[in-house]
Amino acid sequence: MNNMIKLVKYDIIKTKTVLLAVFMGLFVTEAAFIIGMITKLNLMIGVSSVILVLALTTSLIALVIYAIHIYNTDFSKKQGYMPFLTPTSPYAIIASKLITTLLVAFVATIIAICFFSIDMYLVTKDVKPELSLGYAIKVVLDSFDGKWGSVILCLINIVLEFLNNIIVIYLAITLTNSLLGESKLRGITAFGMWVAINVIMMLIAKVLSLATKSSIFSGSLNTSAGSVEDLVNLSFNNKLIILGIISNLVISVIIYSVTGWIADKKMSM
């Protein structure tokens, strides 16, 4: 546990400049929006609103890029290989990258919720009570009444699906670097590997779908039940969500194990 904490701290410290720049930029933009709302400066409101909306819509992509960065950095330079040459298990190193990504995602989510709450209050504070932020929160909480178990299961499945995607990317990067080393073609090759792995997973899913006559495997190995769309629409099928969680867990463990094995056997040579 202590070793894992050290690895996570190492990743955060290693990327602290990027993280501080991004979060400070968001806080400055939010401050500009608040000042604009208070002073009625439409230009400031407009510019800051556009930036905040862009930040929200691109946050998932940014998070994936961050996850790739903290992992790929360990291969980009010779000293980057050092984590894989130490007594620390490659499995622990990979796990630390995933935990770091989840921590950053959690902090970003909390900040986004706070910003949204403040902005909604400023926008709705002078309108009718039924359109206020407090009323909107009450409506959301009431809509979840009696469904909190399904909501939690849905959130777990969404997180697992996200981790699956990241682990697949890590597998592609690990395969590429084990084969090409410091070649300049690593980036393109890793992308090709990622596409190939996803195609293989889709083919396996198609076979499983036909064999079991179940739509749970259609399109990918990740079930479509328990998705963000289900959460927004409050449309839950607990049995499918639980099957999706089990499916995602199995896939995650398999891909994680393969990635760790390759890193252990190939990168330590």
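In case you missed it, the structure is sitting above this.
What comes next is a walk through the structure. (Residues numbered from 1 in each chain as written. Predicted model: local features only at pLDDT ≥ 70, side-chain atom pairs only at ≥ 80, totals over all residues. Heavy atoms only, no water.)

## Things to note about the packing of aromatic side chains
Test applied: Aromatic pairs are defined between Phe, Tyr and Trp rings, using the six-membered ring for Trp, whenever the two ring centres lie within 6.5 Å; interplanar angles under 30 degrees are classed as stacked, those over 60 as edge-to-face, and all others as tilted. What counts as a helix is a DSSP run of H or I of at least four residues, what counts as a strand is a run of E of at least two, and both are numbered from the N terminus. Any residue under 20% of the maximum accessible area for its type is buried, any over 50% is exposed, and the rest in between are partly exposed; the area is computed with a 1.4 Å probe on protein chains only.
Counting across every chain of the model gives four aromatic pairs. Taking 5.3 Å as the distance between ring centres and 90 degrees as the angle between the ring planes, the aromatic pair formed by Phe 27 and Phe 115 counts as edge-to-face. Of this pair, Phe 27 sits in helix 2 (residues 16-39) while Phe 115 sits in helix 6 (residues 90-124); the two residues are 88 residues apart in sequence, bridging distant segments of the chain. Judged by centre distance (5.8 Å) and plane angle (35 degrees), the ring pair of Phe 191 and Trp 194 falls under tilted. Placement of the pair is Phe 191 and Trp 194 together in helix 9 (residues 186-212), with a separation of three residues, close to one helical turn. Relative accessible area serves as the criterion here: at 54%, Phe 191 is assigned to the exposed category.

## Some remarks on the pattern of salt bridges
Counted only if it meets this: Any Lys or Arg side-chain nitrogen found within 4 Å of a carboxyl oxygen on Asp or Glu counts as a salt bridge.
Per the stated rule, a full pass over the model turns up two salt bridges. One salt bridge in this structure joins Lys 14 and Asp 11, with 3.5 Å as the shortest N-O distance. Within this pair, Lys 14 and its partner Asp 11 are both found in helix 1 (residues 2-14), separated by three residues, close to a single helical turn. Judged by its relative accessible area of 29%, Lys 14 is partly exposed. Residue Asp 11 is joined to Lys 97 by a salt bridge in which the shortest nitrogen-to-oxygen separation is 2.8 Å. Residue Asp 11 is located in helix 1, and its partner Lys 97 is located in helix 6; the two are separated by 86 residues in the primary sequence. With a relative accessible area of 2%, Lys 97 lands in the buried category. Connected through shared salt-bridge partners, Asp 11, Lys 14 and Lys 97 make up one network.

## A short note on the environment of Thr 109
Position of Thr 109 relative to the elements: it lies in helix 6. Assessed through its relative accessible area of 41%, Thr 109 is described here as partly exposed. Distance in space between the C-alpha atoms of Thr 109 and Leu 56 is 9.8 Å, their sequence separation being 53 residues.

## Describing helix 1
Note the cut-off: How far a helix is expected to stretch is found by multiplying one less than its residue total by 1.5 Å. Here the arc refers to the directions that run from the helix axis out to each C-beta atom.
A rise of 1.5 Å per residue sets the reference length of helix 1, with its 13 residues, at 18 Å; its end C-alpha atoms lie 18 Å apart and thus fit the reference within 8%. The set of residues buried in helix 1 consists of Met 4, Leu 7, Val 8 and Asp 11. Looking down the long axis of helix 1, one finds its buried residues gathered within 95 degrees of arc, a one-sided arrangement. For helix 1, the exposed residues lying more than 90 degrees away from the buried face are Asn 2, Lys 6, Lys 9 and Ile 13.

## Observations regarding the packing of helix 6 against helix 8 (residues 148-180)
Put simply, the rule reads: Here an axis means a line fitted to C-alpha atoms, over the contact stretch when the element is a helix, while the angle between two N-to-C directions is reported on a 0 to 180 degree scale. Oblique is the label for any angle not covered by the other classes, which are roughly parallel (under 35 degrees), roughly antiparallel (over 145) and roughly perpendicular (65 to 115). Throughout, a crossing is termed right-handed when the near helix is turned clockwise from the far one, and left-handed when it is turned anticlockwise from it by less than a right angle. Any pair of residues with heavy atoms lying within 4.5 Å of one another is described as a contacting pair. We call Asp, Glu, Lys and Arg charged. Ala, Val, Leu, Ile, Met, Phe, Trp, Tyr, Cys and Pro are nonpolar, and the rest, Gly among them, are polar.
The N-to-C vectors of helix 6 and helix 8 enclose an angle of 135 degrees; their axes lie 11 Å apart at closest approach. It follows from the interaxial angle that helix 6 and helix 8 lie oblique. Considering how the two elements wind past one another, helix 6 and helix 8 form a crossing that is right-handed. In contact with Ile 94, Lys 97, Leu 98, Thr 101 and Leu 102 of helix 6, helix 8 contributes Val 159, Phe 162, Leu 163, Ile 166, Ile 167 and Tyr 170. The residue inventory of the contact of helix 6 with helix 8, partitioned by class, reads nine nonpolar, one polar and one charged.

## Quick word on the side chain of Asp 11
Since its relative accessible area comes to 0%, Asp 11 is described here as buried. In this structure, Asp 11 is in contact with Tyr 66, Ile 70, Ser 96, Lys 97 and Thr 100, ignoring residues within four places of it in sequence.

## Some thoughts on a nonpolar patch on the surface
Rules: To count toward a patch, a residue needs a relative accessible area over 30% and no salt bridge; like charges are then connected within 9 Å, while nonpolar side chains (Val, Leu, Ile, Met, Phe, Trp, Tyr) are connected within 5 Å. All accessibility values rest on the Shrake-Rupley procedure with a 1.4 Å probe; residue burial counts only the protein chains present in the view.
Taken together, the side chains of Ile 242, Leu 243, Ile 246, Val 250, Ile 254 and Val 258 make up a nonpolar region of the molecular surface, amounting to roughly 490 Å² of accessible area. With respect to the helices and strands, Ile 246 occurs in helix 11 (residues 238-266). Taking the relative accessible area as the measure of exposure, Ile 246 reaches 45% and is therefore partly exposed.

## Some words on the nonpolar core
Buried together is how nonpolar side chains tend to be arranged in soluble globular proteins. Keep this limit in mind: We define a nonpolar core as any set of buried Ala, Val, Leu, Ile, Met, Phe, Trp, Tyr and Cys residues linked to one another through side-chain atoms lying within 4.5 Å.
Formed by 33 residues in total, the largest nonpolar core has its most connected members in Phe 33, Leu 98, Ile 166, Tyr 170, Ile 197, Met 201 and Ile 255. Taken together, the elements giving at least two residues each to this core come down to helix 2, helix 3 (42-57), helix 4 (59-76), helix 6, helix 8, helix 9 and helix 11. No other element matches helix 8, which puts 10 residues into this core. When residues no more than four places from it in sequence are discounted, the contact partners of Ile 197 are Val 168, Leu 171, Ala 172 and Leu 175.

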